[in-house]
Amino acid sequence: MSAVVLVGAQWGDEGKGKITDFLAERADCVVRYQGGSNAGHTVEVQNEKFMLHLIPSGILYPNTLCVVGNGVVVDMGKLIEEIQGLQARGIDTGNLCISFRAPLVLPYHKKLDEIEDRKSCIGTTKRGIGPAYADKINRTGFRLGDLVVDRDGFKERFKQQVEDKNRIIQELYGEAGFDYKELLDQLLSQIEFLKPYLADTSLLVHNAIKEGKRVLFEGAQGTLLDIDHGTYPYVTSSNPTAGGACVGTGIGPTCINQVIGVVKAYTTRVGEGPFPTELTDELGETLRQKGVEFGTTTGRPRRCGWLDAVILRYAVRINGLTDLAITKLDVLDSFETIKICVAYRYDGQLLEEFPENLAILGKCEPVYIEVPGWQQDITGVTSYEELPANAKAYIEKIEELTGVKQALVAVGPKRSQTIVSRQIFD
Ligand code: IMP
């Protein structure tokens, strides 16, 4: 039995797409379990770059079963665009399966996300994610399967929902509403395209695990964007943490053997909210430029800062991390010295654990240790032994501060620029 969960250990954008793609070569099945088209996973193979939002990063391998689980909110228009985009580039999407239970992101969700974010200033991706999950929890949402099995029931409930949403959009916010008939026609044509991909994905994944296949659960966003454990309210509306893999796919926790935390060698975040190690000076700009830290989904510049071991220890605890995959180590190549935050200072006290309260986090000052940089190009390094001594020392310091060993280190965006210290699916 080999089921591995891959999660982001920071605020997302850790390079999960690249690591998933790398591991997918040895996996039989790659499963997305939460989030939606707010995710942006970049995969570079040879000289080709692929941006994936809803489709698992395993899709580039023809024999890997790729599953969009019930926990993912699906914008059918975006999904169709992504499928067609891959097909146009010669990628076979025949191995893609989407859960009947996946909730729909509808045009009014996107509109509401846009309007409400102006007020809440969370800085969402405006992909309708929050309003779609809100409808799911409120039991006023729709699932892909509703469009297939009980179409009459769907039409009746959908008409009511469009009316309710129009009331909010028009009367409360004074903006243009939606035409029910137009929306319905659009959805009915989209589902015809997607129907062949729909499946009972819980059963598929369960059977794959039972048959001893190698299953990889691909998280989107990151630990600190988790609705329960993240920096609420500056979070996404799902559970990117490891526990989300079970509810978001319909498999039990006893099926999971390993949890890999993807850790970027420094820290970034998009959108608003406290960020103790943020660098707002030239160093931050250097990280942004060297690391090409601009959102895959929105193009927004990411906020950049030093690595924060308090966050990483929290990620180890919340996710039960068994291994680390350290990414973008090469971005630090030119630094003379590198800082790592090991604790916070708050109100005269030293905090070693991530604070429960956002107001406290907002006032935390980072306590740094400083380590020497390696000032050498490592993008061509292919084994751990070949890394410069100071780069190895930086990695070992991360292992010491988190209590978890690395299995993979990425030294560039390409699939080939990945150093393996320990095989994941052996
Ligand atoms: P939403 O997921 O669009 O509702 O956005 C909520 C918060 O999560 C915002 O701060 C976004 O910038 C952030 N977010 C959502 N998806 C990603 C991602 O894939 N990477 C990084 N941040 C994300």
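Residues numbered from 1 in each chain as written. Predicted model: local features only at pLDDT ≥ 70, side-chain atom pairs only at ≥ 80, totals over all residues. Heavy atoms only, no water.

Points about the site of the ligand
Part 1 of the argument: Looking at the ligand, there are 16 residues lining it, with D13, N38, T125, T236 and R300 nearest.
Part 2 of the argument: V270 places a polar main-chain atom, nitrogen or oxygen, 3.2 Å from an oxygen atom of the ligand.
Part 3 of the argument: Here an oxygen atom of the ligand and a side-chain polar atom of R300 are 3.0 Å apart.
Part 4 of the argument: Within the complex, 96% of the 470 Å² of free accessible area of the ligand lies under protein.
Part 5 of the argument: Residues belonging to the shell around the ligand are distributed by class as follows: six nonpolar, eight polar and two charged. (Near = heavy atom within 4 Å. Polar contact = N/O pair within 3.5 Å; in protein donor to acceptor, adjacent residues only side chain to side chain. Areas by Shrake-Rupley, 256 points an atom, 1.4 Å probe, with all protein chains shown as cover. Nonpolar A, V, L, I, M, F, W, Y, C, P; charged D, E, K, R; others polar.)

Structural notes on the domain arrangement of the chain
Part 1 of the argument: What the domain assignment reports for the chain is domain 1 (2–102 + 198–258), domain 2 (107–194) and domain 3 (263–420).
Part 2 of the argument: On a C-alpha basis, the centroid separation for the pair domain 2 and domain 3 is 38 Å.
Part 3 of the argument: Taken together, the contact pairs six residues of domain 2 with five residues of domain 3.
Part 4 of the argument: Area buried by domain 2 at its contact with domain 3 is led by G123, T125 and R127, which between them contribute 68% of it.
Part 5 of the argument: One can count zero salt bridges joining domain 2 with domain 3. (Domains from an automatic or database assignment. Contact = heavy atoms within 4.5 Å. Buried area = accessible area lost by both parts, 1.4 Å probe. Salt bridge = Lys/Arg side-chain N within 4 Å of Asp/Glu carboxyl O.)

Structural notes on the sheet that holds strand β17 (residues 406–410)
Part 1 of the argument: The strand order across the open sheet formed by ten strands is β7-β6-β5-β2-β8-β1-β9-β13-β17-β18, and the pairing between neighbours is mixed. Two strands close off the open sheet at either side, each with one partner strand: β7 (198–199) and β18 (418–420).
Part 2 of the argument: As defined by bridge partners, strand β5 (residues 65–68) adjoins strand β6 (residues 96–99) across three bridges and the pair is classed as parallel. Each residue of the ladder has a partner; that of V68, found in β6, is I98.
Part 3 of the argument: Across the face of the sheet, helix α1 (residues 16–24) comes into contact with β1 (2–8), β2 (29–32), β8 (214–218), β9 (258–264), β13 (323–327), β17 and β18 while running at roughly 165° to β1.
Part 4 of the argument: Contacting β13 and β17, helix α12 (residues 389–402) crosses the sheet at an angle of about 140° to β13. (Pairing = 2+ DSSP bridges. Helix = DSSP H or I, 4+ residues; strand = E, 2+ residues; numbered from the N terminus. Axes fitted to C-alpha atoms, helices over the stretch in contact; angles between N-to-C directions.)

Here we look at the pattern of salt bridges
Part 1 of the argument: Applying the stated criterion to the full structure yields 26 salt bridges.
Part 2 of the argument: For R415, the salt bridge identified is with D21, shortest N-O distance 2.7 Å. Here R415 is found in the loop between β17 and β18, whereas its partner D21 is found in helix α1, with 394 residues between them in sequence.
Part 3 of the argument: Classification of D21 by relative accessible area gives buried; the value is 1%.
Part 4 of the argument: Two residues, K126 and D117, come together in a salt bridge whose shortest N-O distance is 2.8 Å.
Part 5 of the argument: Classification of D117 as buried rests on a relative accessible area of 7%.
Part 6 of the argument: Each of the salt bridges in this network shares a partner with another, and the network as a whole consists of D13, K264, E293, R302 and K328. (Buried < 20%, exposed > 50% of the residue type's maximum accessible area, 1.4 Å probe, protein only.)

Observations concerning the packing of helix α3 (residues 107–120) against helix α5 (residues 151–172)
Part 1 of the argument: Where α3 meets α5, the axes come as close as 11 Å, and the angle between the chain directions of the two elements is 20°. Considering the angle they form, α3 stands roughly parallel to α5. Considering the relative orientation of α3 and α5, their crossing is left-handed. For the pair α3 and α5, the contacting residues are Y108, K111, L112 and I115 in the first and F158, Q161, V162, K165, I168 and I169 in the second.
Part 2 of the argument: Per-class residue counts for the contact of α3 with α5 are seven nonpolar, one polar and two charged. (Parallel < 35°, antiparallel > 145°, perpendicular 65-115°, else oblique. Left-handed = near helix turned anticlockwise from the far one by under 90°.)

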